[in-house]
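Inside the fold
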Amino acid sequence: MNRKKGDKGFESPRPYKLTHQVVCINNINFQRKSVVGYVELTIFPTVANLNRIKLNSKQCRIYRVRVNDLEAAFIYNDPTLEVCHHESKQRNLNYFSNAYAAAVSAVDPDAGNGELCIKVPSELWKHVDELKVLKVHINFSLDQPKGGLHFVVPNMEGSMAERGAHVFSCGYQNSTRFWFPCVDSYSELCTWKLEYTVDAAMVAVSNGDLVETVYTHDMRKKTFHYMLAIPTAASNISLAIGPFEILVDPYMHEVTHFCLPQLLPLLKHTTSYLHEVFEFYEEILTCRYPYSCFKTVFIDEAYVEVAAYASMSIFSTNLLHSAMIIDETPLTRRCLAQALAQQFFGCFISRMSWSDEWVLKGISGYIYGLWMKKTFGVNEYRHWIKQELDQIVAYELKTGGVLLHPIFGGGKEKDNPASHLHFSIKHPHTLSWEYYTMFQCKAHLVMRLIENRISMEFMLQVFNKLLSLASTASSQKFQSHMWSQMLVSTSGFLKSISNVSGKDIQPLIKQWVDQSGVVKFYGSFAFNRKRNVLELEIKQDYTSPGTQKYVGPLKVTVQELDGSFNHTLQIEENSLKHDIPCHSKSRRNKKKKIPLMNGEEVDMDLSAMDADSPLLWIRIDPDMSVLRKVEFEQSDFMWQYQLRYERDVVAQEEAILALEKFPTPASRLALTDILEQEQCFYRVRMLACFCLAKIANSMVSTWTGPPAMKSLFTRMFCCKTCPNIVKTNNFMNFQSYFLQKTMPVAMALLRDVHNLCPKEVLMFILDLIKYNDNRKNKFSDNYYRAELIDALANSVTPAVSVNNEVRTLDNLNPDVRLILEEITRFLNMEKLLPSYRHTITVSCLKAIRVLQKNGHVPSDPALFKSYAEYGHFVDVRIAALEAVVDYTKVDRSYEELQWLLTMVQNDPVPYIRHKILDMLTKNPPFTKNMESPLCNEALVDQLWKLMNSGTSHDWRLRCGAVDLYFTLFGLSRPSCLPLPELGLVLNLKEKKAVLNPTIIPESVANNQEPVNAANNHGQPVVFQNTFSNSQEEEEIDMDTVHDSQAFIYHHLNMLERPSTPGKEQSSGEVTMHAVSAAPLSVFSKESNSSKHSDHHHHHHHEHKKKKKKHKHKHKHKHKHDSKEKEKDPFAFSNSPASARSIRSPSLSD
Amino acid sequence: MADAAPGGSGTRSGSKHTTTPADNYYLARRRTLQVVVSSLLTEAGFESAEKAAVETLTEMLQSYISEIGRSAKSYCEHTARTQPTLSDIVVTLVEMGFNVETLPAYAKRSQRMVITAPPVTNQPVTPKALTAGQNKPHPSHIPGYFPEFPDPHTYIKTPTYREPVSDYQVLREKAASQRRDVERALTRFMAKTGETQSLFKDDVSTFPLIAARPFTVPYLTALLPSELEMQQMEETDSSEQDDQTDTENLPLHMSTDDSGPEKENASVLQQNTSLSGSRNGEENMIDNPYLRPVKKPKIRRKK
C-alpha cells in the first residue's frame, strides 16, 4: 500500500489537505488543571463532495465547531476508550488485541479516520464543490487531562510560579490529539500559529519562532505568539509552560534553554556542551539546522527522558547535573545528542506512514552513533554497537522477531506479519514499549549495515539529499503539494540510496527490513595439518522462533603466526564446511614478532599454543555486519590470546565471556593482565573483573593467594605505606574511577568453599567504606559509595535457617550486623546530606531487599512502600517499587499486588505507572503455566478492565497492561477462570441463565457512567432477539453497537447543551435513545455509498481484508472456538472496528 | 592585722581548736605583749590587776607599737627605701610626741625586768601545691631587692600533650573513625528525635532508620549539590572557571526567584546579564526573542 505510493509521492488518505492551523490556548488553570482554547484549521478540499471532516481528538471537551463561521454538527466517538464493550466472559488476549487494533484503526489518521467527525454545513456544499478553502474553528477545553498534557503542581504555599508548577505535552508517538483537536498524523504537514496566554510569571515554550509576547489588558497575564513557517505535523507540536529560568546559549544565540527555578547553574553546565553536537551534525550532514531556533526545556515528572518536537526538545529535569558528577555527564550528553539527531530526522523530516518509521529512527540513531564514535571514541562506539546487537538478538530470540517494515494489505500471509506477538504491529499505539525500544535499536543497526554496504560517504550524501529536498519544499509557501517532499518513505529512501550509490541493496533490505528475525551461527573448526588448511564449520539455526536463514557473504578473520587474514566466505543453502588455506606453517620462528590486524607487531609467549597449528584465534563476522549471534568453539588458549592481543574491544569482550567456561590458572593470568593494563579499554577491564570473580569461584579449591583482585586493588588504589587503607579519592582519571567502582562489586561475588563470601573480602569492603575520604576530590563520590553498598549487598549469602525460625535481631549473623550497620548509617545520612539523584538511597533499598530475600531480615514491604510514595525522587521510587514487586513475587502477596495495581491507576506520574507494569512484567508474581494463589478471577477482571478501559489516556500504559496480561495469563483464556466451554456447549439455556445476572451488574459496576446505565434499560428487546440464535461473540458485538450509539447519543446531547456535557441522562431520555438506535445501524451501510467513491472503495477493501484476517486468526484459536467460525463474517461486520462508522441522526440528512 | 586584733581576740581564743597558723602567730604575739604589760605593772608596784585592765593596756601598747611601725614604714617609703632605718624610727617617735632623749635612760633603769624571748615557732607551712618546683634565684643583673620570681608553674610552659601524630595511617584511621562517630551520633540523634522505621518488628532501636518523608519538590534535593559539596568544590578547585561562575551565580538566582509573580521576563534577564560581568556587553547584543521586553497591550491594538 505504502510502497507503490512512495514512488509517485505521497497520497493523502484524507479528502482534504490541511495547510495551516492555529492553536490558541486562552487560559491555563494550574489549580484545576484545565485548559481552554480553540483551534482553527485551514483546509482545502481535494474532492468535490466533501461533506465530512474527520479529525483526531481525545479527552478534549468540544463546545462548538464552526466551518467558515457557520455552526457545524459533529459527533465524537472514540472506540479506544473502551475496547471491548460489555464483553461478558471473553477474557482472551487474542480477542482483545484484535479488537484493540481494530479500534485504533478506526480512528487512525493515516487511514483518514478520526474520533471527531464534523459535518460540513449544507450551505457550504457548493463552496466545497469548487474546492475552496474551509476554515474549521473548534472551541475546546481540557479538564484534568490524564494523558497528553501533564501538570506538575507541587503541593505547597505560594503562587503557582513560586511553587514551580508547570505543564508540558507528552505522549507515545502521535499523541497530540490528547490536548487539541488536530490531524494527529506524522504525514499531514501544515504551518502553525500558536498562541498561549499564561500567567505573567510563567513562560510558554512551544514550536517555531516566538514572534512577540504581549500583556493582556489587566497586565496580569501575557500571550506568547509563536509562528512555525516550516510545515510540520501536528504530532510534532509540543508545549511547555512554567516559571522557567531562561538561558540563552552563549555559543549559539538562537538556542535557548529552559529549566525550573533554582536549577540554572546546573542548566548552564549541562548545556555548555550542546553547541559541539550542533556543529558535528551540521558538518556531517552538510546541512544547516533546519529551524531558525532551538529550545530545550527541562521539566519534572517527564514521560520519557528525551522527547523531540519541531524546533524544541523536552527533557527530564533529572538529566541536569553539576560539574562534580561524572557518571551522569556522558548519559546526559547522549540524550542531548539523540534529541538533536531527531530534530533533523523525525521532526523536520517526517514519515509517510507508520511502516516508514524505521527509516527515521534508523537515520537518527545512525547519525547519533557517528556522534558517539567521534565523541567517545571508536572503542565506546563498537562496544555500544555490540551491546545493541546483543540486546536485539536476545529480544528477537525471546519473542520471535522485530519487523522494521511491516506491509499490510498485501497477500494473505502478510495480513498478520507478527502472529508470534501478542499485540498488533500495525499501529504504533498497539506496540509493546519494549518492542518499540528494540525496534529503534534494530533500525539504527540496519542503517549501519547499509553503511557497510554502500560506504559512509554515500550514506551521508543520501541524508543530505533528503534534507535538501525537504528544505526546498519547506520554503515553498502555500504549495502544499510540495510539502510531501518532507516526508520520508521506505521506497523513497531506498531509491535515493540506489541513485546515490548505484548499488543494489535490495537483498539486504529484504533480509533485515522486510523480514523479522536474526541469524544464529554455530561455529567450530579443525586444523588439517597435511593440507595446512583450516576447516571451518558454520551451522545455522533458522528454525527456532526469531531466527532467519542467512545466505550471503560472511567475513572470517584468522589470526595466524604470520599475521591476520580476512576471508570472505559465501554462506549458501547447504554448505556447512569451508576450507580456509593457512599462510604460515606451524613451525615457529621464535625471533619473529607477530603482526596483528592493525599493523602492530607484538611479541607473544607462544608456549601455550598447540604445537601443530599456526592458528592463534579465529573470529566470525568481526565487523558485526550481520544481525547475528555467534557461538564459536575454540580452545581456551585461543580465547586467551584473543583477549590479550586482539585490539578490537568487541573481540576482547567476547573472549572474556568465553573464558568463563575455562576456569584455569592461565585464564586467571590473562584476565589479571588485562585488568592491570592501563591502555586497555575500561569497559573491557570492568567486564574482566566479573569474569575473574566467576573463575575464582569455579577454582575455589585450587585458588592460591589472596582473594581475586584484592592485591590488584590494593596496588592500584591503596596507600603505598599502609596497604589496608584506600587513598583519598581522586577521580581525575575516569578510567580508573570506573575500575575502582567496579572491582569491589565484583569481589563481593567471590565465594569460599562453604559458598560464603570470604570474611577477608567483606572486611576489605567495609574498610573501603570506612576509609573513604572525598574531601580533596573535585568530583562527587556518590556513585562510588552507592557501588560500595551494592558490593555489600553482593556479599550477602542466604542465611542458614533453622526451620521457619522467625528473623529477629538476636539471631542476626555478625557479618550481616556489620553490613546492616553501614546501610543504616548511609540511609540515615542521606536524609541529612542527600546525594545526587539519591544514588545511595537507591542502593540501600536494594541492599535491604537482598537481606530480606536471603532471610537475614524479616521480609516486609512496609519500608519500600513508604519510599515508593509520591514525593520521593523518581529513582528512589523505582527502586522501592522494584522491591515491592519482588516481594509480591516471592511472598505471593495479594495485598501488595493490589497496592501496586492501585498505584498503576492512580499515581500522578505517568512514568511510574508505566514502570510498575514494566517491572511486574519482567518479574511477574506468576506466569501462565504456574499455579498461584494470586491467579484468580478477580485479578483477571481487574487487569482486563485496566487494559480495556482504564488506560485509554496513555497508549504506552495500555500496551504495558497488555504485556502484563500476556505474561500472567498468556494469549488464550486465563486458566483460573471457570471453563467457558460449558457456556458455549449448553448454548441457549446456559447463556440466558448466566448472562442476565452477570453482565448487567458488571456493567453497572463498570463505572460506565450514565451512558451504560441508560443503555442497559434500552437493550433487552434487541438483546434477546439476538440471543436466541447467536453465540457469544455476536452478543458482544451487539453490545458494542449499542454502546457506540449510546456514546454518540451522549455527545449529541452534549452538543445541545454544551456547558453540561458530563451531566447524567435521565431515564426519560432512554426511550429516545432506543428509537435513535434502530435506524442507525441501517444507516451505517447507506452512509458508505453516500461517500466519495474513492473512499468507499477503500472502505470496502478494508472490509474484505479484515474478514481474511479474522479467519486467519482462528487458525490460532482453540478448538472450542471453531463453532464461532461459521458465524464469523456476519459477526465481524458488527465488530468493534466496523461498528465505529455509525453516524448520528443529525448527520444523516 | 593590728586593726583586726581588738574585736576578734576574745572570740578567737574561745575557739582555739579551729585556729590556723596565722592565728597562732597572732595569739603568741599578744601573749608576749600581755607578759610585757604585766611586768611593767609589777615594776610600777601593782600586786594584781583585773584581766580587763591588762587587756586594755595591752591593746594600747599594741596600737602604739603598730602606729610606730606604720609611720616608720611611711617615712622609709617616702624616701624610696624598703627598709626603715633608725632615723625613720626617731622621726616617727618625735612626730608622735615622744621624748627620744629619755629613751636610753629608761632603757638602762635598774629595776627593769627581763623577759625571755618567746619560743620561736616554726614558720607556718604553706601548702605543697603552691610551691611547684624551686623558685628561680635572681640572675646577677637583677638586684636582690626585687621581688622573687613567682612559682615556676605560673610561667613555665608545661608539655602536657603527647607528640603530634604525623603517621599517615593513624591520621586516616582517626579521621575515619571520627567521621563515623559523628555521623552515627548525628543520625542516631535524628532518629531518636523524629519518626523512625525499623527492619525488625521486635526491635526498633538497634538499627533505627529515619522515616522517609516525601518532598514537595523532590528534584531539588536530588539534583542540587549540597552546601557541603559546594564548599568542597570551591576548596578543591578554584582554577576551573565554569564551576566558579556556577557557584557564584547560585545565590543570586535564588534571590531572583523570590521576587514574586509580578516579576517579568525581561527584568529577570536583566539581572542575569548584570550578574555575569564580563559577558554583560555581549549579552545585551543578543537578539533572542525570550530576552525582548514584553509588549504592552496598546501596541497590539495599533497593529
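Residues numbered from 1 in each chain as written. Chains lettered and ligands numbered in written order. Predicted model: local features only at pLDDT ≥ 70, side-chain atom pairs only at ≥ 80, totals over all residues. Heavy atoms only, no water.

**Here's the deal with a nonpolar patch on the surface**
All names here are of chain B.
- On the surface, a nonpolar cluster with roughly 500 Å² of combined accessible area is contributed by Leu40, Tyr64, Ile65, Phe98, Leu103 and Tyr106.
- Of all the secondary structure elements, the ones that give two or more residues to the nonpolar patch are helix H3 (51-78) and helix H5 (102-107).
- Here Leu40 shows up in helix H2 (residues 21-44).
- Overall, the relative accessible area of 34% leaves Leu40 in the partly exposed class. (Patch = residues over 30% accessible without salt bridge, like charges linked within 9 Å, V, L, I, M, F, W, Y side chains within 5 Å. Areas by Shrake-Rupley, 256 points an atom, 1.4 Å probe, with all protein chains shown as cover. Salt bridge = Lys/Arg side-chain N within 4 Å of Asp/Glu carboxyl O. Helix = DSSP H or I, 4+ residues; strand = E, 2+ residues; numbered from the N terminus. Buried < 20%, exposed > 50% of the residue type's maximum accessible area, 1.4 Å probe, protein only.)

**Focus on the UniProt feature "domain: Bromodomain associated" (unreviewed entry) in chain B**
- As annotated in UniProt, the feature "domain: Bromodomain associated" (unreviewed entry) corresponds to residues 25-102 of chain B in the numbering used here.
- Taken as a whole, residues 25-102 of chain B contains 76% helix and 0% strand, while its terminal C-alpha atoms sit 32 Å from one another. (UniProt positions renumbered as here; feature names shortened; annotations may be inferred.)

**With respect to the interface of chain A and chain B**
- Every contact between the two is made by 102 residues of chain A and, on the other side, 76 residues of chain B.
- Taking both sides of the interface into account, the surface hidden between chain A and chain B amounts to around 8000 Å²; carbon and sulfur atoms contribute 61%.
- Counting every contact that joins chain A to chain B gives six salt bridges.
- In this structure, the salt-bridge partner of Glu212 of chain A is Lys295 of chain B, at a minimum N-O distance of 2.8 Å.
- Looking at the side of chain A that touches chain B, the element that brings in the most residues is helix H21 (residues 814-832) of chain A, giving 11 residues.
- Residues that form the side of chain A that touches chain B fall into these classes: 51 nonpolar, 29 polar and 22 charged. (Contact = heavy atoms within 4.5 Å. Buried area = accessible area lost by both parts, 1.4 Å probe. Nonpolar A, V, L, I, M, F, W, Y, C, P; charged D, E, K, R; others polar.)

**Looking at the confidence of the model for chain A**
All names here are of chain A.
- Per-residue confidence for chain A gives a mean pLDDT of 83; residues scoring 70 or more make up 82%.
- Overall, residues 410-415 carries pLDDT values under 50, and its contacts beyond four positions in sequence, including any with other chains, amount to seven contacts.
- Segment residues 981-1149 is flagged for pLDDT under 50; beyond a separation of four residues in sequence, or across chains, it makes 197 contacts in the model. (pLDDT = per-residue confidence, 0-100.)

**Some details on the sheet that holds strand S20 (residues 312-316) of chain A**
Residue and element names in this part refer to chain A.
- Taken in spatial order, the five strands line up as S16-S17-S18-S20-S19 in an open sheet, and their pairing is mixed. Single-partner strands in this sheet number two, and they are strand S16 (245-248) and strand S19 (306-309). Going across the sheet, the axis of each strand differs from the next one's by a mean of 15 degrees, ignoring polarity.
- As judged from the four bridges shared by strand S17 (residues 255-259) and strand S18 (residues 294-299), these two strands associate in the parallel manner. Bridge pairing links Thr256 to Lys295 in S18. (Pairing = 2+ DSSP bridges. Axes fitted to C-alpha atoms, helices over the stretch in contact; angles between N-to-C directions.)

**Considerations on the domain arrangement of chain B**
- Taken domain by domain, chain B comprises domain 1 (21-108) and domain 2 (172-237).
- Each of domain 1 of chain B and domain 2 of chain B was reduced to a C-alpha centroid, and the two centroids are 81 Å apart. (Domains from an automatic or database assignment.)

**So, the state of the cysteines**
All names here are of chain A.
- Counted according to the given criterion, the structure contains zero disulfides over all chains.
- We note that Cys689 lacks a disulfide partner, and the nearest cysteine sulfur, in Cys691, lies 10 Å from it.
- This cysteine, Cys976, is not joined by any disulfide, and Cys935 carries the nearest cysteine sulfur, 3.3 Å off.
- Relative accessible area serves as the criterion here: at 24%, Cys976 is assigned to the partly exposed category. (Disulfide = S-S within 2.5 Å.)

**Looking at the packing of helix H16 (residues 682-698) of chain A against helix H18 (residues 734-747) of chain A**
Residue and element names in this part refer to chain A.
- For the pair H16 and H18, the least separation of the axes is 9 Å and the interaxial angle reads 15 degrees. Taken together, the axis directions place H16 and H18 in an arrangement best described as roughly parallel. Of the two elements, H16 crosses H18, and the hand of that crossing is right-handed. Together, Tyr682, Arg685, Met686, Cys689, Phe690 and Ala693 of H16 and Gln735, Phe738, Leu739, Thr742, Met743, Val745 and Ala746 of H18 make up the contact between the two elements.
- For the contact of H16 with H18, a count of residues per class yields 10 nonpolar, two polar and one charged. (Parallel < 35°, antiparallel > 145°, perpendicular 65-115°, else oblique. Left-handed = near helix turned anticlockwise from the far one by under 90°.)

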